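Here are the chains, one letter per residue:
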Amino acid sequence: SSRIPSRTPARRDLAQAPLLVAARGGRPSRLPVWFMRQAGRSLPEYRALREGVPMLKSCFDPEMLAEITLQPVRRHGVDAAILYSDIVVPLYAAGVDIDIVPGTGPVVASPVRTAQDVAALPPLHPEQVSAVADGVRLLVDRLGETPLIGFAGAPFTLASYLIEGGPSRTFEHTKALMHSEPDLWHALAGKLADLALAFLRAQLDAGVDAVQLFDSWAGALSLREYREYVLPHSAKVFSGIEDYDVPRIHFGVGTGELLTAMRDAGADVVGVDWRIPLDEAVRRLTAAGEPAPAVQGNLDPALLGAPWPVIEAEVRRIAAEGRVAAGHIFNLGHGVPPGTDPAVLTRVVELVHELEP
Ligand code: CP3
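In the annotation of an unreviewed UniProt entry, the entry for the protein reads Uroporphyrinogen decarboxylase, and the organism field reads Amycolatopsis cynarae. Looking at the protein in UniProt, the text filed under Function (unreviewed entry) is "Catalyzes the decarboxylation of four acetate groups of uroporphyrinogen-III to yield coproporphyrinogen-III." The protein has a UniProt comment under Sequence similarities (unreviewed entry) that states "Belongs to the uroporphyrinogen decarboxylase family."

In structure tokens:
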């Protein structure tokens, strides 16, 4: 489209954007808030736009991905946009036979389990995600003073879909491969780190203001497994973007035992799910005398369906517990459930903005 800026627009002055100030451990003018999965099925305007368009097709349409990214910013007044895309987009772009099945999630045509499978995994060339970069440029142009968060799936979470062939609760094939064929595991995770890195660098070159690495399922691992099999690969992703001066957020579900290791991988902001309070997360993160990092979280998404007084009390508790962190970005402990009433999300944003940062 001729309306896509051909070069990355000059970086907006976001020095005072609450999300970026909090991520760097400064004092923001207000407590920043955004929601994982804020773009998506909870919004009628999203369902209308996506009608008849497959998920992975929508992710390669710059105008559509930009519009879907903007929808929750307009509606809720959140302090960040998160790029509408998916963790499997770079795999698909590189030529892996993968699809997103509505109601299920990513499904791989032939699971990756042998040395031949790993060797056949293609690298990602930036031009294969040029449509995503075009969408980012449109967004940077249209977002004004709201920062744009780019993201990628972390090597472990990506590997789990490839090895299992689809979503899993037990990750049995993944863990078996890790322990029985560590060299093959490291070869696969190393390739996925390169893929995630190439995807993030394409987004950063186009102008995203922060990045989040989603290791959604890392909580299935022991700390020993995480440090040995996963941390080096996620660290490679973070260190590969060190030349960009943007905050790095690292998130997983059920990762209370992994928080320090996930920080050690190279994160400025550690995502916390609802299972431990933010002040406890900060205690764990500073136990060895390290400076307190910024944290992100951690309202239980299941409570978005509860009566408002329940939600209000939880929001106030979380904001109070987050004050012991170097910085706090208010969020859910995981993604917005599809059936959430969007008016509740707007009300949460209004309440968070009334609270002392
Ligand atoms: O608003 C946002 O957060 C930005 C968009 C976003 C999507 N996927 C869009 C999406 C982001 C950040 C993701 C990341 C993602 N994708 C993760 C990590 C985050 C997490 O939830 O832990 C994971 C594990 C995936 C894989 C994936 N893609 C799943 C499990 C699903 C849900 C399947 C379903 O239908 O229940 C998807 C599909 C998906 N990704 C949708 C959206 C809006 C729903 C597709 C639809 O509307 O039909």
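**A closer look at helix H14 (residues 308–322)**
Its 15 residues give H14 an end-to-end C-alpha distance of 21 Å, which sits within 8% of 21 Å, the value for a rise of 1.5 Å per residue. The complete set of buried residues in H14 reads Val315, Ile318, Ala319, Glu321 and Gly322. Here the buried residues of H14 occupy an arc of 165° about the axis, which is enough to place them on one side. Seen from the open side of H14, the exposed residues pointing more than 90 degrees away from its buried face are Pro309, Val310 and Ala313. Turning to H14, the residues buried within the fold contact helix H13 (278–285), strand E8 (294–299), strand E9 (327–332) and helix H15 (342–354).

**Let's talk about the environment of Arg227**
Positionally, Arg227 belongs in helix H11 (residues 223–239). The partly exposed category is assigned to Arg227, around which 16 C-beta atoms lie within 10 Å. Along the sequence, Arg227 and Phe199 sit 28 residues apart, while their C-alpha atoms lie 24 Å from each other.

**Examining the site of the ligand**
Residues in contact with the ligand amount to 22 residues; listed here are only the nearest, Ala39, Gly40, Gly105, Phe214 and Ser216. Residue composition of the shell around the ligand, by class: 11 nonpolar, seven polar and four charged.

**Quick word on the sheet that holds strand E1 (residues 81–82)**
The sheet built from seven strands is open, its strands ordered E1-E4-E5-E6-E7-E8-E9 with parallel pairing. Of all strands in the sheet, those bounded by a partner on one side alone are E1 and E9. Direction of pairing for strand E4 (residues 148–153) relative to strand E5 (residues 210–214): parallel, over a ladder of five bridges. Within the sheet, the bridge partner assigned to Phe151 lies in E5 and is Gln212.

**Overview of the UniProt feature "domain: Uroporphyrinogen decarboxylase (URO-D)" (unreviewed entry) in the protein**
When the UniProt feature table is mapped onto this chain, "domain: Uroporphyrinogen decarboxylase (URO-D)" (unreviewed entry) is found at residues 32–41 and 149–165. Helix and strand shares over residues 32–41 are 0% and 0% respectively, and the end C-alpha atoms of the span are 23 Å apart.

**Considering the UniProt feature "site: Transition state stabilizer" (unreviewed entry) in the protein**
The UniProt feature table records "site: Transition state stabilizer" (unreviewed entry) at Asp86. Within the secondary structure, Asp86 sits in the loop between E1 and helix H5 (89–94). For Asp86, a count of 20 C-beta atoms within 10 Å puts it in the buried group. Ignoring any residue separated from it by four or fewer positions in sequence, one finds Asp86 in contact with Met55, Cys59 and Ile100.

**Side note on the nonpolar core**
By size, the foremost hydrophobic cluster in this structure holds 120 residues, and its most contacted members are Ile149, Ala196 and Val211. Of the residues forming this core, the biggest block, 14 residues, is contributed by helix H10 (residues 182–206). Leave out the neighbours within four places in its chain, and Val211 touches Ile149, Gly150, Phe151, Leu200, Ile241, Val246, Arg248 and Ile249.

**Things to note about the confidence of the model for the protein**
The pLDDT averaged across the protein works out to 96; a share of 97% of its residues lies at or above 70. Scoring the predicted complex yields pTM 0.96 and, for the interface, ipTM 0.93.

**Concerning the pairing of strand E3 (residues 105–108)**
Where strand E2 (residues 98–101) meets E3, four bridges bridge the pair, whose relative direction is antiparallel. Paired with Ile100 across the bridge in E3 is Pro106. Count of turn residues in the E2/E3 antiparallel hairpin: three residues, of which Gly103 carries a positive phi of about 85°.

**With respect to the packing of helix H7 (residues 130–142) against H10**
For the pair H7 and H10, the least separation of the axes is 8 Å and the interaxial angle reads 35°. The way H7 lies across H10 gives a crossing that is right-handed. On H10, the residues touching Val132, Ala133, Val136 and Arg137 of H7 are Ala202, Gln203, Asp205 and Ala206. Of the residues assigned to the contact of H7 with H10, the class counts are five nonpolar, one polar and two charged.

Quick notes on the rules
Residues numbered from 1 in each chain as written. Predicted model: local features only at pLDDT ≥ 70, side-chain atom pairs only at ≥ 80, totals over all residues. UniProt positions renumbered as here; feature names shortened; annotations may be inferred. Helix = DSSP H or I, 4+ residues; strand = E, 2+ residues; numbered from the N terminus. Expected span 1.5 Å × (residues − 1). Buried ≥ 20, exposed ≤ 12 C-beta atoms within 10 Å, placed from the backbone. Arc of directions from axis to C-beta. Contact = placed C-beta atoms within 7 Å. Near = placed C-beta within 6 Å. Nonpolar A, V, L, I, M, F, W, Y, C, P; charged D, E, K, R; others polar. Pairing = 2+ DSSP bridges. Core = buried A, V, L, I, M, F, W, Y, C linked by C-beta atoms within 7 Å. pLDDT = per-residue confidence, 0-100. Axes fitted to C-alpha atoms, helices over the stretch in contact; angles between N-to-C directions. Left-handed = near helix turned anticlockwise from the far one by under 90°.

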